[in-house]
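Each chain, written out:
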Amino acid sequence: MGDWQNFDNRAVIGRALRLRREIDDFEARWPTPAQRDEAIPLFTWDQLERQLTDLAATPQQASMAKHLVSATRKLAPFKPSEMVLREILCMTWVLLDENFKPDPDGSAEMI
C-alpha cells in the first residue's frame, strides 16, 4: 500500500509543480501592473456558464460549457485573475467556433 500511496503523491505533486510553472510563465510574460486599473463588473460562475451555453455554436458545444467552466473554476483560486480571464476567452472561442466538432469518444478536433 505504501508504494501505491507514494505513486499518488508523486502524481499530485507533479500536477502542482506543472501548475506553478504555468503560473510563473504567465506572470513573467504579463506582470501585474503596479497601478490597478478599473475592474470589470462582477459576475458569477453560473452566469458565465449560462451565457457560454447560450452563445455556443452547436448543441454539442453548449453541453461542453458546463464542463469547461467547472474545470476553470476549480483551478481559478490558484491563478492570477488575468490568467483566468485568458482561459475564459479561450473557452469562448472554442464554444463559438462552428468548425470545432467534439468527437463522440470525448476528444475534439478542428475540421
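In the block above lies the structure referred to throughout.
Because the structure is a prediction, the values reported are computed rather than measured. (Residues numbered from 1 in each chain as written. Predicted model: local features only at pLDDT ≥ 70, side-chain atom pairs only at ≥ 80, totals over all residues. Heavy atoms only, no water.)

Draft legend 1. A look at the nonpolar core. Of all hydrophobic cores here, the largest spans 14 residues; its most connected members are L48, L52, M64, V69, I88, M91 and L95. Going through the elements one at a time, α2 (45-55), α3 (59-75) and α4 (81-96) are the ones with two or more residues in this core. Look past the residues within four positions of V69 in its chain and what remains in contact with it is W45, L48, E49, L52 and M91. (Core = buried A, V, L, I, M, F, W, Y, C linked by side-chain atoms within 4.5 Å. Buried < 20%, exposed > 50% of the residue type's maximum accessible area, 1.4 Å probe, protein only. Helix = DSSP H or I, 4+ residues; strand = E, 2+ residues; numbered from the N terminus. Contact = heavy atoms within 4.5 Å.)

Draft legend 2. Quick look at the layout of surface pockets. Here the largest pocket defines a volume of roughly 870 Å³. As for the largest pocket, its lining consists of 24 residues, and the residues nearest its centre are A39, I40, S81, E82 and L85. Looking at the lining of the largest pocket, the elements that each hand over two or more residues are α1 (2-29) and α4. Counting residues per element, the lining of the largest pocket draws most heavily on α4, which supplies 6 residues. Of the residues contributing to the lining of the largest pocket, the split by class is 15 nonpolar, 4 polar and 5 charged. (1 Å grid on protein atoms, 1.4 Å probe; cavity = no way out; pocket = protein on both sides within 12 Å on 5 of 7 lines; lining within 4 Å. Points joined across faces, edges and corners; volume = space filled by probe spheres on them. Nonpolar A, V, L, I, M, F, W, Y, C, P; charged D, E, K, R; others polar.)

Draft legend 3. Seen up close, the side chain of Q61. Here Q61 is to be found in helix α3. Polar contacts involving the side chain of Q61 include one to the main-chain carbonyl oxygen of D97, which spans 2.8 Å. If we skip the residues at most four places from it in the chain, Q61 touches A56, V94, L95, D97 and F100. (Polar contact = N/O pair within 3.5 Å; in protein donor to acceptor, adjacent residues only side chain to side chain.)

Read these as geometric descriptors, not functional statements.
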